[in-house]
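The chain contents come next:
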Amino acid sequence: VQLQASGGGLVQAGGSLRLSCAASGRTFSSYDMGWFRQAPGKERDFVAAITWSGGTTYYADSVKGRFTISRDNAKNTVYLQMNSLKPEDTAVYYCAVRRYGSIYSVRTQAYDYWGQGTLVTVSS
């Protein structure tokens, strides 16, 4: 599975962005997907996850109510809609595939394939 994230950019606080992650491979619809982010000098942190069917989602407390993860299996794409952005949301955002385990596992080690990341910068 290969992943290509896009949609990052510079936005003012309070603004919105939608990230996309396009996946190659016919088995995309079989896998749960997640978004993580990594700010400069910090560890990569869990943001959101979605089951293969899209029926269940899970969010980090820091983004709950502001971010929405979704997927379109026909397009092999997962999205992250980010609203009410804050300067502390500034980071490189990564999408990832998890083949096994629970959607509630937030460890990076639980994910098997990663995209290259897209930079989101939120100015105050």
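The structure this text deals with has already been given above.
What comes next is a walk through the structure. Model, not experiment: these values are computed from the prediction.

**Describing the pairing of strand β3 (residues 17-23)**
(1) Moving on: Where burial is concerned, most of β3 is hidden: five out of the seven residues are buried.
(2) Moving on: When β3 meets strand β8 (residues 77-82), the two strands line up antiparallel, connected through six bridges. Residue pairing across strands places Ser20 opposite Tyr79, the latter belonging to β8.

**Section: the state of the cysteines**
(1) Moving on: Applying the stated rule across the entire model yields one disulfide.
(2) Moving on: Paired through a disulfide, Cys21 and Cys95 show a sulfur-sulfur distance of 2.0 Å. Looking down the S-S bond of the Cys21 and Cys95 bridge, the torsion is 65°, so its handedness is right-handed. Taken as a pair, Cys21 in strand β3 and Cys95 in strand β9 (residues 91-98) lie far apart in primary sequence, 74 residues in all.

**Notes on the sheet that holds β8**
(1) Moving on: Strand order across the open sheet formed by four strands is β1-β3-β8-β7, with antiparallel pairing between neighbours. Only two strands of the sheet have a single neighbouring strand rather than two, namely β1 (3-6) and β7 (67-72). Taken pair by pair, the neighbouring strands of this sheet meet at an average axis angle of 15°, ignoring direction.

Rules behind the numbers
- Residues numbered from 1 in each chain as written.
- Predicted model: local features only at pLDDT ≥ 70, side-chain atom pairs only at ≥ 80, totals over all residues.
- Heavy atoms only, no water.
- Buried < 20%, exposed > 50% of the residue type's maximum accessible area, 1.4 Å probe, protein only.
- Helix = DSSP H or I, 4+ residues; strand = E, 2+ residues; numbered from the N terminus.
- Pairing = 2+ DSSP bridges.
- Disulfide = S-S within 2.5 Å.
- Axes fitted to C-alpha atoms, helices over the stretch in contact; angles between N-to-C directions.

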